[in-house]
Amino acid sequence: MFLKSQHLLGIRDLPSETISIILKTAVEFRKALESGIKKNPKLNGKTVINAFFEPSTRTRSSFEVAAKKLGADSINFNASTSSISKGESLKDTGLTLQAMRPDVLVLRHPHSGAPAYLSRYCNKTHIINGGDGINEHPTQALLDAMTILDHKKSLTGILVAIVGDIAHSRVARSNVLLLRKMGATVRVCGPPTLIPDGFEMIYGAKVTFNLSKALKDADVVMMLRTQWERQNEVYFPSIREYSRLFGLTEKKMKIAKRNAIVMHPGPINRGVEFDPQMADGHYSVILDQVSNGVALRMALLSLILGKEEGIKGS
Amino acid sequence: MFLKSQHLLGIRDLPSETISIILKTAVEFRKALESGIKKNPKLNGKTVINAFFEPSTRTRSSFEVAAKKLGADSINFNASTSSISKGESLKDTGLTLQAMRPDVLVLRHPHSGAPAYLSRYCNKTHIINGGDGINEHPTQALLDAMTILDHKKSLTGILVAIVGDIAHSRVARSNVLLLRKMGATVRVCGPPTLIPDGFEMIYGAKVTFNLSKALKDADVVMMLRTQWERQNEVYFPSIREYSRLFGLTEKKMKIAKRNAIVMHPGPINRGVEFDPQMADGHYSVILDQVSNGVALRMALLSLILGKEEGIKGS
Amino acid sequence: MFLKSQHLLGIRDLPSETISIILKTAVEFRKALESGIKKNPKLNGKTVINAFFEPSTRTRSSFEVAAKKLGADSINFNASTSSISKGESLKDTGLTLQAMRPDVLVLRHPHSGAPAYLSRYCNKTHIINGGDGINEHPTQALLDAMTILDHKKSLTGILVAIVGDIAHSRVARSNVLLLRKMGATVRVCGPPTLIPDGFEMIYGAKVTFNLSKALKDADVVMMLRTQWERQNEVYFPSIREYSRLFGLTEKKMKIAKRNAIVMHPGPINRGVEFDPQMADGHYSVILDQVSNGVALRMALLSLILGKEEGIKGS
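Residues numbered from 1 in each chain as written. Chains lettered and ligands numbered in written order. Predicted model: local features only at pLDDT ≥ 70, side-chain atom pairs only at ≥ 80, totals over all residues. Heavy atoms only, no water.

Digging into the relation of the copies chain B and chain A
Each copy superposes on the other: chain B lies on chain A with an RMSD of 0.0 Å after a rotation of 120° and an axial shift of 0.0 Å. The superposition of one copy onto the other is thereby described by a three-fold rotation axis. (Least-squares fit on C-alpha atoms with pLDDT ≥ 70 in both.)

This is the structure in structure tokens:
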């Protein structure tokens, strides 16, 4: 087996060597996609169930495209149209889905720790965490790392600023864990109400409440989505104030390094996290993140399920 | 054609010989799945439309996995995102779906008799009843029989206790019909308000309102889901009282035969039908039911659509 | 490339020669389907994303069946379960979907012009308009033309009456454009409140408010769905009055030509646009429209994505 654990629950559990192999394999898959090799039958006969308990565009579709491009069958299980409305527990839903013998179960859930909880009971399938509460979103951090490496020689030694609602962001947590593991320096920035006490001590990311300080000499600026649906607006007085203090503008971007890139996990709130045009600027690699997401998930499925490492063996 | 009728509307229409062939073929498919033969191209080019007018985890996903493992295309049609919201009649929706030339139309509908009604108009496809109102759920009864036969030598002569909301349960009706056809003795048990008058006369199952009497010497205990969403709570005073009188406990289970098995069609309401731990106990075959469901539906699709009987000819 | 433009935004942009090739290719695909050739691997490895921002039975399922019968992967993106609920703009959703490298993006959207708007930004995929607001529904008009040609020698010179809510109907607009382009004469008929001022001048279809005048000597009677969900009922006093004045009956049908056919894009409101039985009468070709829809969309996907024209090259 490729991973030490049977499941991919978070960046927390991945050694840096494993991360490097995943990123390298993903680049190979992207090359194959770009050269017109549109289908790779490596996972023919395998079944991937996407169990999503929260709405999602990118992650679910990305896993579905990745699975199908590898010849696997992809089954969507949406909580809203399912037995959840009949009061079934997560454990029982998980065991039921496992009993259909899927090779991989991609789980997105609003509760932090849901994939880890389910992994205690499901030992006949591979659980991939597709985002759990405010805990982790490991495939997002992996595709982000892949995208950074398209523009920077190495993750080691670079300076990454993560800006926004740190407290409620699984993307921030997975990225801090991965980037620090690979030798990057990470600053997190946001209003004091949206950065948890002790974050610096626990995660080793420098905390600042001032956007200019966060951007100073940054190689990468990673803006987070302001997740209005997860929070009461009591965290700060108004969107307008948030946008003025923490929104990215052309002018503020000059504080970062000359060739710095701007990232965002999407979906974007134009006019909140960004000046409306910033998302389309030359520093933006936001759509590359999405494209890389498909290749990255192909690599991950292939490495977890394939007999050989990488795509060479197919 | 394998079935006498073009459609599978209920256990009511199936001769016992046909049931035996389906069960035997399902066991062959399960063996193939277990031995790692993950895909069988037998139904390559066939199309299965899953038309579900009620929420479902198990049945829809199970049919989808089964169809895909046989190489068929599977199309999901969910009533909530469909033209039903534009006021189209069931007949017109059915004829429209048929006009797209699916080979099989799996229909789940809240109205008893909906598949039978549609079968009068759709003679160019095979309708499989995926559960209709309180009438029948034939594939559930078939997978239940398959699961019983994993533990008991024969259905003939065994004693099965079905416990719960008999009145609103299509699972109970299909199981009583199948089990009696195959020579089993069936007792149904529940509060008097949840067993219809005349059930004993119509279905030939012994009725009792006392759980201990129902369990006495039973080979199989089949618990039903308390379908709170289908009923007003006026049927009995409280869930607590229901659970105390009709919920299964370790202690009550001792009344049944020593090697009796416990079944449940899912989704489970832990703490209502069962002591919370009962569903995980050694007598529980609940997850086997789910696994068998995939193999059973593969067998059914294969027998209905394949030129040869069984999987040998592929 | 088969189409001059990379996208299929409307009938407006299609030369009559292109329309003829699509219709001819669709007939070939239908023949193949009818002769039992159920799968054509021509588009193996291609990906079609169905992005539907409105409920739909026919169009989405039809595209999905068509894509799968050609061996392509089909991914469904439903607005209700997606990031739209997180406030993402159409442009950003479109660019995100494009970044996953689909070969075709089928777009249905409640806003007129949405596909044209998105086409300005998406130049790495083919957008097919699956119906946009009250503007166009080009694949519907193409399958309607295909169905008419099953019964009439040519579109040139025939007389088509389109009856109903012309103002809110993209089906009417696409059909008028196609039929006039191919040499047919078109009459539109409905209550004065449901035919926009200037329709005759802009679209070249003769306007009448009297059903009998519209039907006089018609070769084809195309009834539209009364789209109650799109309009306030202030357009006319009551459904009953609408039905009495503009609903089709056996008696009124006698005014049309002897061998006239009756069409409807579905879903049908029985008892409103029709006498309840009219939709099943011998003149009705409504279900043929649905069947032709699959073949037509196979032809379109194949012509847009295939290297060779038609199905011969496969």
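Notes on the sheet that holds strand 9 (residues 261-263) of chain B
All names here are of chain B. Here we have 5 strands laid out as an open sheet, ordered 7-6-5-8-9, and parallel in their pairing. The sheet is open, and its two borders are formed by strand 7 (206-208) and strand 9, each paired with just one other strand. On average, each strand axis in the sheet is inclined to that of its neighbour by 20°, with strand direction left out of account. As judged from the 3 bridges shared by strand 8 (residues 220-223) and strand 9, these two strands associate in the parallel manner. Paired with M222 across the two strands is M263, which belongs to strand 9. (Pairing = 2+ DSSP bridges. Helix = DSSP H or I, 4+ residues; strand = E, 2+ residues; numbered from the N terminus. Axes fitted to C-alpha atoms, helices over the stretch in contact; angles between N-to-C directions.)

Digging into unusual backbone geometry
All names here are of chain A. Note that the residue after G266, namely P267, is joined by a cis bond; omega there is -10°. Mapping P267 onto the fold places it in the loop between strand 9 (261-263) and helix 11 (286-305). Non-glycine residue D217 carries a positive phi angle of around 65°. Mapped onto the elements, D217 comes out in the loop between helix 8 (211-215) and strand 8 (220-223). Of the residues examined, D217 reaches a relative accessible area of 39% and is grouped as partly exposed. (Buried < 20%, exposed > 50% of the residue type's maximum accessible area, 1.4 Å probe, protein only.)

Regarding the domain arrangement of chain A
All names here are of chain A. The domain architecture assigned to chain A consists of domain 1 (16-136 + 290-304) and domain 2 (151-284). Placing a centre on the C-alpha atoms of domain 1 and another on those of domain 2 gives a separation of 27 Å. Each partner contributes residues to the interface: domain 1 has 13 residues there, and domain 2 has 14 residues. Carbon and sulfur atoms make up 55% of the surface buried where domain 1 meets domain 2, a total of about 1100 Å² over both sides. Its largest share of buried area at the contact with domain 2, domain 1 owes to R58, I134 and E136, together 47% of the area lost on that side. Where domain 1 packs against domain 2, one counts 1 salt bridge. For E54, the salt bridge goes to R170, with nearest N and O atoms at 3.0 Å. Where domain 1 packs against domain 2, one counts 5 residue pairs in polar contact (both at pLDDT 80 or more). (Domains from an automatic or database assignment. Contact = heavy atoms within 4.5 Å. Buried area = accessible area lost by both parts, 1.4 Å probe. Salt bridge = Lys/Arg side-chain N within 4 Å of Asp/Glu carboxyl O. Polar contact = N/O pair within 3.5 Å; in protein donor to acceptor, adjacent residues only side chain to side chain.)

A few points about the packing of aromatic side chains
Two aromatic rings, taken as a pair, are described by how far apart their centres are and by the angle between their planes. Counted according to the given criterion, the structure contains 12 aromatic pairs over all chains. Look at Y117(C) and Y121(C): their rings are 5.4 Å apart centre to centre, the planes differ by 70°, and that puts the pair in the edge-to-face class. Judged by relative accessible area, which is 30%, Y121(C) ranks as partly exposed. Residue placement shows K91(B) over the ring face of Y121(B); its charged tip is 4.4 Å from the ring centre. Against the face of F63(B) rests R297(B), its NZ or CZ located 4.9 Å from the ring centre. (Phe/Tyr/Trp six-rings, centres within 6.5 Å; stacked < 30°, edge-to-face > 60°. Lys NZ or Arg CZ within 6 Å of the ring centre and 35° of its normal.)

Considerations on the sheet that holds strand 2 (residues 73-78) of chain A
Residue and element names in this part refer to chain A. Spatially, 2-1-3-4 is the arrangement adopted by the 4 strands of the open sheet, whose pairing is parallel. Of all the strands in the sheet, the pair left with one neighbour each is strand 2 and strand 4 (126-132). Across the sheet, the mean angle from the axis of one strand to that of its neighbour is 15°, orientation sign disregarded. As paired strands, strand 3 (residues 104-109) and strand 4 are joined by 5 bridges and run parallel to one another. Among the inter-strand pairings, H109 is bridged to a residue of strand 4, identified as D132.

Overview of the interface of chain C and chain A
With 25 residues of chain C in contact, the opposing surface of chain A contributes 28 residues. Buried surface at the junction of chain C and chain A, summed over both partners, amounts to about 2500 Å²; 51% is from carbon and sulfur atoms. Along the contact surface separating chain C from chain A lie 3 salt bridges. Applying the counting rule to chain C against chain A returns 7 residue pairs in polar contact (both at pLDDT 80 or more). Sorting the residues of the side of chain C that touches chain A by element identifies strand 2 (73-78) and helix 3 (90-99) of chain C as the ones contributing at least two each. Among the elements that take part in the side of chain C that touches chain A, helix 3 of chain C stands out by supplying 6 residues, more than any other. For the side of chain C that touches chain A, the residue count by class is 6 nonpolar, 12 polar and 7 charged. (Nonpolar A, V, L, I, M, F, W, Y, C, P; charged D, E, K, R; others polar.)

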